[in-house]
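Observations on the model geometry
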Amino acid sequence: MDAMAVLARTSRPAPTLLATTSPAVSRRPVEQSYIMIKPDGVQRGLVGEIISRFEKKGFVLKGLKLFQCPKDLAQEHYKDLKEKPFFPGLIEYITSGPVVCMAWEGDGVVASARKLIGATNPLQAEPGTIRGDLAVQTGRNVVHGSDSPDNGKREIALWFKEGELCEWESVLTPWLVE
Ligand code: IDP
Ligand code: MG
């Protein structure tokens, strides 16, 4: 096999592309979203399916754990909804079994994740979205996603302890971001 054929087979980005992942570039401010598979998603065996949608889109997973949420954490996470009539039921639902906590990173990840997740009421969520494809009721809508970059930061700090996030660069980044 000649040199060009070997290069083609290795199918790796050119060195100039790889150079764009240097620490100097990756230190720019990055957006993160807190995504959580709720207890119904875990019980229904949808963990792999849901994670794969964010992976395939091209976001980078920086934190991941299976976690039994205590009541006070669920109340803090949903504190803006504490006056709603469904609040007690929501806290019971979120603490009813393990959740999968995730920190996903990428430019525009917060708004894009909300689109991938779909409308709060799964019957109104578009086909192709997670809720549109996999759920039927607001009270069992399988997944949470932060609604702003500031809430992404707040929620990741709330759900992950120091040292639980991994700082790493995906080798795919040069194939996803120019
Ligand atoms: P979001 O998850 O799409 O951001 P929010 O309005 O922030 O929707 O509500 C947070 C969560 O509270 C919802 O995902 C859902 O689990 C629950 N929830 C919202 N509205 C209702 C309701 O009318 N009945 C039961 N649960 C609700
Ligand atoms: Mg919300």
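In this text the structure is predicted, and so the values were computed from the model without any measurement.

**Points about the sheet that holds strand 1 (residues 32–37)**
Spatial ordering of the open sheet is given by 2-3-1-4, a layout of four strands whose pairing is antiparallel. Lying at the two open borders of the sheet, with one neighbouring strand each, are strand 2 (60–67) and strand 4 (143–145). With strand direction ignored, the average angle separating the axes of adjacent strands in the sheet is 15 degrees. Taken together, the seven bridges between strand 2 and strand 3 (residues 99–105) define a ladder with antiparallel strand orientation. When the sheet's bridge partners are listed, Leu64 is paired in strand 3 with Met102. Along the sheet, helix 5 (residues 47–57) makes contact with strand 1, strand 2, strand 3 and strand 4, crossing strand 3 at roughly 5 degrees. Of the strands in this sheet, strand 1, strand 3 and strand 4 are in contact with helix 8 (residues 109–117), which crosses strand 1 at around 25 degrees.

**Here we look at the site of ligand 1**
Neighbouring ligand 1 are the residues Lys38, Tyr78, Leu81, Phe86, Leu90, Arg114, Thr120, Arg131, Thr138, Gly139 and Asn141. In this structure, Asn141 approaches ligand 1 through a side-chain N or O atom, which is 2.9 Å from an oxygen atom. For ligand 1, whose unbound accessible area comes to 530 Å², protein coverage reaches 71%. Grouping the constituent residues of the shell around ligand 1 by class yields four nonpolar, four polar and three charged.

**Some details on the UniProt feature "binding site: ATP" (unreviewed entry) in the protein chain**
UniProt records the feature "binding site: ATP" (unreviewed entry) for Lys38, Phe86, Arg114, Thr120, Arg131 and Asn141 in the present numbering. Within the secondary structure, Phe86 is located in the loop between helix 6 (71–77) and helix 7 (87–94). Assignment of secondary structure puts Thr120 in the loop between helix 8 and helix 9 (130–134).

**Looking at the packing of aromatic side chains**
In total, this model carries four aromatic pairs according to the counting rule given. When the ring of Tyr34 is compared with that of Trp159, the centres are 5.3 Å apart and the planes differ by 15 degrees; the resulting orientation is stacked. One end of the pair, Tyr34, is in strand 1; the other, Trp159, is in helix 10 (residues 149–159), and 125 residues separate them in sequence. Taking the relative accessible area as the measure of exposure, Tyr34 reaches 0% and is therefore buried. Plain terms: the ring middles of Tyr34 and Phe160 are 6.4 Å apart, the flat faces sit at 80 degrees to each other, and that makes the pair edge-to-face. Taken as a pair, Tyr34 in strand 1 and Phe160 in the loop between helix 10 and helix 11 (173–176) lie far apart in primary sequence, 126 residues in all. As far as the burial class goes, Tyr34 and Phe160 line up, both buried. Lying across the ring of Phe67, Lys65 places its NZ or CZ 4.5 Å from the centre.

What counts, and where the lines are drawn
Residues numbered from 1 in each chain as written. Chains lettered and ligands numbered in written order. Predicted model: local features only at pLDDT ≥ 70, side-chain atom pairs only at ≥ 80, totals over all residues. Heavy atoms only, no water. Pairing = 2+ DSSP bridges. Helix = DSSP H or I, 4+ residues; strand = E, 2+ residues; numbered from the N terminus. Axes fitted to C-alpha atoms, helices over the stretch in contact; angles between N-to-C directions. Contact = heavy atoms within 4.5 Å. Near = heavy atom within 4 Å. Polar contact = N/O pair within 3.5 Å; in protein donor to acceptor, adjacent residues only side chain to side chain. Areas by Shrake-Rupley, 256 points an atom, 1.4 Å probe, with all protein chains shown as cover. Nonpolar A, V, L, I, M, F, W, Y, C, P; charged D, E, K, R; others polar. UniProt positions renumbered as here; feature names shortened; annotations may be inferred. Phe/Tyr/Trp six-rings, centres within 6.5 Å; stacked < 30°, edge-to-face > 60°. Buried < 20%, exposed > 50% of the residue type's maximum accessible area, 1.4 Å probe, protein only. Lys NZ or Arg CZ within 6 Å of the ring centre and 35° of its normal.

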